[in-house]
Number of protein chains: 2
Amino acid sequence: MTEQPAPTTTAGEPATARGEQTRQLIRNTALRLFRERGYAQTTMRAIAQEAGVAVGNAYYYFGSKDHLIQEFYAQSQVEIRAAAQPVLDREEAFGARLAGVLHAGIDVLTPSHDFAATFFKTAAEPTSPLSPFSAESSAPRQAAIDLFAEVLTGSTAKVDAELRPQLPELLWLAYMGVVLYWVHDRSAGQVKTRQLIDGVVPLIDRLVALSRLRVLRPVTRQVFDLIRTLRH
Amino acid sequence: MTEQPAPTTTAGEPATARGEQTRQLIRNTALRLFRERGYAQTTMRAIAQEAGVAVGNAYYYFGSKDHLIQEFYAQSQVEIRAAAQPVLDREEAFGARLAGVLHAGIDVLTPSHDFAATFFKTAAEPTSPLSPFSAESSAPRQAAIDLFAEVLTGSTAKVDAELRPQLPELLWLAYMGVVLYWVHDRSAGQVKTRQLIDGVVPLIDRLVALSRLRVLRPVTRQVFDLIRTLRH
DNA sequence: GTCGGTAGTTGAACACGTTCAAGAAAGGCG
DNA sequence: CGCCTTTCTTGAACGTGTTCAACTACCGAC
């Protein structure tokens, strides 16, 4: 009675140079077409034809059409990291660093907004390997969390001792929230998302500072207990 | 270059008793099969066959397979409301009322966890009429928000004047968060979600109380400004 | 009662994602 | 060079959601 009986074929990593080349060819063709036509409008047949290979060949390297999205995901991760680097080198204030990373994320993603929205659909499915919470995407997820750890460690912010180890993951979660908003954001150039970032960063900044406040001790304690329980 | 060219056909509301009957028949058959086999494993052909109609007939009433999910959505809404009623009649404390409604939601949804997870995938797509944020689902959304308004108005809680009008919608948003967690929750019987609710309700309760606190004035002000900006 | 129009119904046909048995190319080994 | 194994490639075929032109049932008006 379970949904999605489990993936039938795991796409193999190429073992030869020829294979690697074909893999890249299909990958790049797919990403280009996704950007040009959107995800739904890009058929596997079109990808194969444009890449000059047979349909089945694409399935030798990528388990499904959805798996091609993972390539987009991975590439974006790298680009975001690169786009955020200058800010991380320059800024020392926690808020500025956080804002820098979040804006870098949107900078990179914006050109692909229409396509990325559809991609998010697939990512939202819990059983999908594309889910940001899934085991399969634990590598890119950890890379993202590490980025937020760097936001924190490179900053001058004084953070509550109990909060500090949890914070990178919480920031990543907030980032997921921003992306969720961005995906639904139909304002021109996704300006609203920019406003969300600029509004929410000082808020987080302030909350992090407040976390050391006496009155809030019980609340923060409560939050951490909950997180600990849920983490398992 | 936009994704999803816009729905081609809007499914017509039945105008005769015969039509209404067929519509219900298809609807009920579909919901039953979804529950029995899961969403992906239920084909439109199977629905039609079990209902004793032609495939095309289902499309006369429901624009797509996804639209059948909306029926599930609507029915759940009604059941949740009913399940929450006793608690709303009995309890006066804000926390107890909120917990009651949230638990009622999970109570109703739990039998369909596997299926509902898949359904959530479709709901996550921004362009989908099924998205909880979309115009098409504004009716059920408003009904849900009203439920949370009732949680508030029937309670003895003292709430900051500025927060009060915003709170129902914020609670609904929190509810969406709970559902998102629930969908990803693979613990037996979704126990973790229960823990989340029991952990997060006192937290919200406390935060609502704190909202009147002097020190937090700037923070709450900041939050409301942000919300106002984003609302448009 | 018959006629005309609206509401409802049909199932073959289409395009898509995906599979798979068959074969081609490449590489290693004597 | 010839042989075997692994890696890669092919495209026809399957099952799916969806469409649509043709058809039937119903109902009000005359």
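Refer to the structure printed above.
Residues numbered from 1 in each chain as written. Chains lettered and ligands numbered in written order. Predicted model: local features only at pLDDT ≥ 70, side-chain atom pairs only at ≥ 80, totals over all residues. Heavy atoms only, no water.

(A) Focus on the overall build of chain A. The helix and strand tally for chain A stands at ten helices and zero strands. Taking the principal axes of the C-alpha coordinates as reference, chain A spans close to 65 × 40 × 35 Å. Per-residue burial for chain A yields a buried fraction of 50% across its 232 residues. Within chain A, counting contacts between residues at least 6 apart in sequence, those at least 24 apart form 69% of the total. Surface accessibility of chain A: about 11,300 Å² in total, with carbon and sulfur atoms responsible for 57%. (Helix = DSSP H or I, 4+ residues; strand = E, 2+ residues; numbered from the N terminus. Buried < 20%, exposed > 50% of the residue type's maximum accessible area, 1.4 Å probe, protein only. Contact = heavy atoms within 4.5 Å. Areas by Shrake-Rupley, 256 points an atom, 1.4 Å probe, with all protein chains shown as cover.)

(B) Local environment of the protein's contact with DNA strand D. Near DNA strand D, the surroundings consist of 23 residues, among which Ala54 and Tyr61 of chain A together with Arg45, Tyr59 and Lys65 of chain B are the closest. Of all atoms in DNA strand D that approach within 4 Å of the protein, 64% are sugar or phosphate atoms. Ala54 of chain A places a main-chain nitrogen or oxygen 2.8 Å from a phosphate oxygen of DNA strand D. Within the backbone of Lys65 of chain B, an N or O atom sits 2.7 Å from a phosphate oxygen of DNA strand D. For the surface near DNA strand D, the elements supplying multiple residues, two or more each, are α1 (17-37) and α3 (55-61) of chain A together with α2 (44-51) and α3 (55-61) of chain B. (Near = heavy atom within 4 Å. Polar contact = N/O pair within 3.5 Å; in protein donor to acceptor, adjacent residues only side chain to side chain.)

(C) Region of the structure containing the protein's contact with DNA strand C. Around DNA strand C, 24 residues are found, and the nearest of them are Arg45, Tyr59 and Lys65 of chain A together with Ala54 and Tyr61 of chain B. Take Ala15 of chain B: an N or O atom from its main chain is 3.0 Å from a phosphate oxygen of DNA strand C. For the surface near DNA strand C, the secondary structure elements donating two or more residues are α2 (44-51) and α3 of chain A together with α1 (17-37) and α3 of chain B. With four residues, the single largest contributor to the surface near DNA strand C is α3 of chain B. Class assignment for the residues of the surface near DNA strand C results in nine nonpolar, ten polar and five charged. (Nonpolar A, V, L, I, M, F, W, Y, C, P; charged D, E, K, R; others polar.)

(D) How the structure looks around the pattern of salt bridges. Counting across every chain of the model gives 28 salt bridges over all chains. Taking the shortest distance from any N to any O, the salt bridge between Glu162 of chain A and Arg217 of chain A comes out at 3.6 Å. With a gap of 55 residues between them, Glu162 of chain A in the loop between α7 (138-153) and α8 (167-184) and Arg217 of chain A in helix α10 (residues 217-231) connect regions that are remote in the sequence. Residue classification places Glu162 of chain A among the partly exposed positions, given a relative accessible area of 24%. Measuring nitrogen to oxygen at the nearest pair gives 3.6 Å for the salt bridge that ties Glu162 of chain B to Arg228 of chain B. With Glu162 of chain B in the loop between α7 (138-153) and α8 (167-184) and Arg228 of chain B in helix α10 (residues 217-231), the pair connects residues that are 66 residues apart, well separated along the chain. (Salt bridge = Lys/Arg side-chain N within 4 Å of Asp/Glu carboxyl O.)

(E) Fine view of a nonpolar patch on the surface. Together, Phe133, Leu170 and Leu173 of chain A give the surface a local cluster of nonpolar side chains, amounting to about 250 Å² of exposed area. Turning to its location among the elements, Phe133 of chain A is positioned in the loop between α6 (113-124) and α7. (Patch = residues over 30% accessible without salt bridge, like charges linked within 9 Å, V, L, I, M, F, W, Y side chains within 5 Å.)

(F) Representation of the interface of chain A and chain B. Counting from both sides, the interface comprises 49 residues of chain A and, opposite them, 49 residues of chain B. Overall, the association of chain A and chain B removes approximately 4,000 Å² of surface from exposure, summing both partners, and the carbon and sulfur fraction of that is 61%. The tally of links between chain A and chain B comes to five residue pairs in polar contact (both at pLDDT 80 or more). When contributions to the side of chain A that touches chain B are tallied by element, the ones reaching two or more residues are α1, α6, α8, α9 (191-210) and α10 of chain A. Ranked by the residues each element gives to the side of chain A that touches chain B, the list is headed by α9 of chain A, at ten residues. Classifying every residue of the side of chain A that touches chain B by side-chain character gives 25 nonpolar, 13 polar and eleven charged. (Buried area = accessible area lost by both parts, 1.4 Å probe.)

(G) Focus on the packing of helix α4 (residues 65-90) of chain A against helix α5 (residues 94-109) of chain A. Residue and element names in this part refer to chain A. Where α4 contacts α5, the axes come no closer than 8 Å and their chain directions differ by 140°. When the axes of α4 and α5 are compared, the pair comes out oblique. Both α4 and α5 take part in a crossing whose hand is right-handed. Contacts from Phe72, Ser76, Glu79, Ile80, Ala83, Ala84, Val87 and Leu88 of α4 reach α5 at Ala96, Arg97, Gly100, Val101, Ala104, Gly105, Val108 and Leu109. (Axes fitted to C-alpha atoms, helices over the stretch in contact; angles between N-to-C directions. Parallel < 35°, antiparallel > 145°, perpendicular 65-115°, else oblique. Left-handed = near helix turned anticlockwise from the far one by under 90°.)

(H) Spatial organisation of the relation of the copies chain A and chain B. Once turned by 180° and shifted 0.0 Å along the axis, chain A lies on chain B with an RMSD of 0.1 Å. Such a turn and shift between the copies fits a two-fold axis. Closest approach to the rotation axis among the C-alpha atoms of chain A is made by Lys121 of chain A, whose C-alpha sits 2.9 Å away. Here 100% of the contact residues of chain A are again contact residues in chain B; the copies associate through an equivalent surface. (Least-squares fit on C-alpha atoms with pLDDT ≥ 70 in both.)

(I) Here's a closer look at α2 of chain A. Residue and element names in this part refer to chain A. If you check which residues of α2 are buried, you get Met44, Ala46, Ile47, Ala48 and Ala51. Tucked into the core, α2 has its buried residues touching α1, α3 and α4. Once α2 ends, the next one or two residues include Gly52, with phi positive near 75°.

(J) The side chain of His113 of chain A, seen in detail. Residues and elements named next belong to chain A. As for its position among the elements, His113 is in helix α6. By relative accessible area, which is 10% here, His113 ends up buried. Here the side chain of His113 touches Gln190 through a polar contact of 3.5 Å, side chain to side chain. In this structure His113 touches Trp182, Val183, Asp185 and Gln190, once residues within four positions along its chain are discounted.

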